[in-house]
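Structural characterization, general
The primary structure of each chain is shown beneath.
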Amino acid sequence: MTKTKSELLHGTLELLVLRILESEAMNGYGIGRRIEDLTGDALSVDEGSLYPALYRMEERGWLASSWRVTENKRRAKFYRLTSAGRRRLGSERSNWSEFAAAVKKILESA
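Below is a short write-up of the structure. (Residues numbered from 1 in each chain as written. Predicted model: local features only at pLDDT ≥ 70, side-chain atom pairs only at ≥ 80, totals over all residues. Heavy atoms only, no water.)

1. A closer look at helix H5 (residues 83-107)
- An ideal rise of 1.5 Å per residue puts 36 Å on 25 residues; H5 measures up with 36 Å between its terminal C-alpha atoms.
- Buried within H5 are the following residues: Gly 85, Leu 89 and Glu 92.
- Its buried side turned inward, H5 meets helix H2 (12-20) and strand E3 (75-81). (Helix = DSSP H or I, 4+ residues; strand = E, 2+ residues; numbered from the N terminus. Expected span 1.5 Å × (residues − 1). Buried < 20%, exposed > 50% of the residue type's maximum accessible area, 1.4 Å probe, protein only. Contact = heavy atoms within 4.5 Å.)

2. Describing the packing of H2 against helix H3 (residues 28-38)
- H3 packs onto H2 with a crossing angle of 95 degrees between their chain directions and a minimal axis gap of 10 Å. By the angle class used here, H2 and H3 are roughly perpendicular. Along its contact with H2, which presents Leu 16, Val 17 and Ile 20, the element H3 presents Ile 31, Arg 34, Ile 35 and Leu 38.
- For the contact of H2 with H3, the per-class residue count stands at six nonpolar, no polar and one charged. (Axes fitted to C-alpha atoms, helices over the stretch in contact; angles between N-to-C directions. Parallel < 35°, antiparallel > 145°, perpendicular 65-115°, else oblique. Nonpolar A, V, L, I, M, F, W, Y, C, P; charged D, E, K, R; others polar.)

3. Some details on the nonpolar core
- Val 17, Leu 18, Leu 21, Ile 31, Leu 50, Leu 54 and Leu 63 are the most contacted members of the largest nonpolar core, which has 19 residues in total.
- Within the residue set of this core, elements represented by two or more residues are H2, H3, helix H4 (47-59) and E3.
- Of all the elements, H2 adds the most residues to this core, at five residues.
- With residues up to four places along the chain from it excluded, the contact list for Ile 31 reads Val 17, Ile 20, Leu 21, Met 26, Leu 50 and Leu 54. (Core = buried A, V, L, I, M, F, W, Y, C linked by side-chain atoms within 4.5 Å.)

4. Quick notes on the environment of Arg 19
- You can see Arg 19 is positioned in helix H2.
- With relative accessibility at 39%, the residue Arg 19 sits in the partly exposed group.
- Along the chain, Arg 19 and Glu 71 lie 52 residues apart, while their C-alpha atoms are 23 Å from each other.
- The contact partners of Arg 19, leaving out residues within four places of it in the chain, are Leu 89 and Arg 93.

5. A short note on the packing of aromatic side chains
- By the definition in use, this model includes one aromatic pair.
- With 5.6 Å between their ring centres and 35 degrees between their planes, Trp 96 and Phe 99 make a pair best called tilted. With Trp 96 and Phe 99 both in helix H5 and three residues apart, the pair spans about one turn of that helix.
- The class of Trp 96 is partly exposed, set by a relative accessible area of 36%. (Phe/Tyr/Trp six-rings, centres within 6.5 Å; stacked < 30°, edge-to-face > 60°.)

Take a look at the structure:
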(Lines give C-alpha, C1' and ligand atoms only; values in the text may rest on other atoms or scores of the structure.)
Protein backbone atom coordinates (compact mmCIF):
# COMPACT_ATOMS: atom_id res chain seq x y z
CA MET A 1 0.00 0.00 0.00
CA THR A 2 1.42 3.38 -0.92
CA LYS A 3 1.92 6.11 1.62
CA THR A 4 -1.02 8.06 0.21
CA LYS A 5 -3.30 5.06 0.64
CA SER A 6 -2.04 4.39 4.15
CA GLU A 7 -3.00 7.82 5.41
CA LEU A 8 -6.05 7.63 7.60
CA LEU A 9 -9.28 8.98 6.22
CA HIS A 10 -10.29 12.19 7.89
CA GLY A 11 -12.23 11.41 11.05
CA THR A 12 -11.13 7.80 11.42
CA LEU A 13 -8.29 8.37 13.89
CA GLU A 14 -10.59 9.01 16.84
CA LEU A 15 -12.64 5.91 16.02
CA LEU A 16 -9.50 3.75 15.85
CA VAL A 17 -8.11 5.14 19.11
CA LEU A 18 -11.40 4.60 20.93
CA ARG A 19 -11.56 1.03 19.64
CA ILE A 20 -7.94 0.28 20.59
CA LEU A 21 -8.52 1.58 24.11
CA GLU A 22 -11.78 -0.34 24.53
CA SER A 23 -10.00 -3.40 25.84
CA GLU A 24 -7.11 -1.91 27.82
CA ALA A 25 -5.30 1.28 28.83
CA MET A 26 -2.34 2.10 26.64
CA ASN A 27 0.24 4.84 26.02
CA GLY A 28 0.52 6.77 22.77
CA TYR A 29 3.37 4.66 21.46
CA GLY A 30 1.41 1.49 22.18
CA ILE A 31 -1.68 2.82 20.44
CA GLY A 32 0.33 3.61 17.31
CA ARG A 33 1.98 0.19 17.33
CA ARG A 34 -1.36 -1.57 17.85
CA ILE A 35 -2.86 0.20 14.82
CA GLU A 36 0.13 -0.87 12.73
CA ASP A 37 0.03 -4.44 14.05
CA LEU A 38 -3.71 -4.91 13.56
CA THR A 39 -3.55 -3.61 9.99
CA GLY A 40 -0.37 -5.44 8.99
CA ASP A 41 1.38 -2.05 8.70
CA ALA A 42 -1.18 -0.88 6.14
CA LEU A 43 -2.07 2.03 8.43
CA SER A 44 0.23 4.12 10.54
CA VAL A 45 -0.28 7.22 12.63
CA ASP A 46 2.39 9.85 13.00
CA GLU A 47 2.98 11.40 16.41
CA GLY A 48 2.00 14.81 15.07
CA SER A 49 -1.52 13.53 14.56
CA LEU A 50 -1.85 11.01 17.38
CA TYR A 51 -0.89 13.10 20.40
CA PRO A 52 -3.06 16.13 19.53
CA ALA A 53 -5.95 13.69 19.01
CA LEU A 54 -5.32 12.10 22.42
CA TYR A 55 -5.26 15.53 24.12
CA ARG A 56 -8.41 16.58 22.29
CA MET A 57 -10.23 13.38 23.21
CA GLU A 58 -9.18 13.77 26.84
CA GLU A 59 -10.49 17.35 26.88
CA ARG A 60 -13.81 16.10 25.52
CA GLY A 61 -14.01 13.61 28.38
CA TRP A 62 -13.74 10.50 26.21
CA LEU A 63 -10.37 9.50 27.68
CA ALA A 64 -8.74 9.72 31.10
CA SER A 65 -5.01 9.43 31.65
CA SER A 66 -2.50 8.60 34.34
CA TRP A 67 1.29 8.35 34.47
CA ARG A 68 2.78 4.87 34.78
CA VAL A 69 6.10 3.13 34.27
CA THR A 70 6.36 1.11 31.06
CA GLU A 71 7.98 -2.30 30.60
CA ASN A 72 11.12 -0.39 29.57
CA LYS A 73 11.17 1.43 32.93
CA ARG A 74 10.14 4.74 31.38
CA ARG A 75 7.34 6.99 32.55
CA ALA A 76 4.53 7.32 30.05
CA LYS A 77 1.02 8.67 30.02
CA PHE A 78 -1.50 5.85 29.71
CA TYR A 79 -4.98 6.51 28.34
CA ARG A 80 -8.19 4.63 29.05
CA LEU A 81 -11.77 5.00 27.91
CA THR A 82 -14.25 6.78 30.14
CA SER A 83 -17.95 5.96 30.12
CA ALA A 84 -18.43 8.96 27.80
CA GLY A 85 -15.72 7.47 25.58
CA ARG A 86 -17.57 4.14 25.43
CA ARG A 87 -20.74 5.93 24.39
CA ARG A 88 -18.80 7.87 21.77
CA LEU A 89 -17.28 4.65 20.44
CA GLY A 90 -20.76 3.19 20.00
CA SER A 91 -21.87 6.28 18.12
CA GLU A 92 -18.75 6.37 15.95
CA ARG A 93 -19.11 2.66 15.12
CA SER A 94 -22.68 3.21 14.00
CA ASN A 95 -21.75 6.23 11.89
CA TRP A 96 -18.87 4.35 10.27
CA SER A 97 -21.07 1.35 9.45
CA GLU A 98 -23.67 3.58 7.82
CA PHE A 99 -20.97 5.41 5.84
CA ALA A 100 -19.31 2.16 4.70
CA ALA A 101 -22.68 0.72 3.65
CA ALA A 102 -23.46 3.85 1.62
CA VAL A 103 -20.08 3.75 -0.15
CA LYS A 104 -20.53 0.03 -0.82
CA LYS A 105 -23.87 0.70 -2.51
CA ILE A 106 -22.23 3.21 -4.82
CA LEU A 107 -19.29 0.92 -5.63
CA GLU A 108 -21.60 -1.99 -6.42
CA SER A 109 -24.06 0.03 -8.49
CA ALA A 110 -24.22 -0.58 -12.23
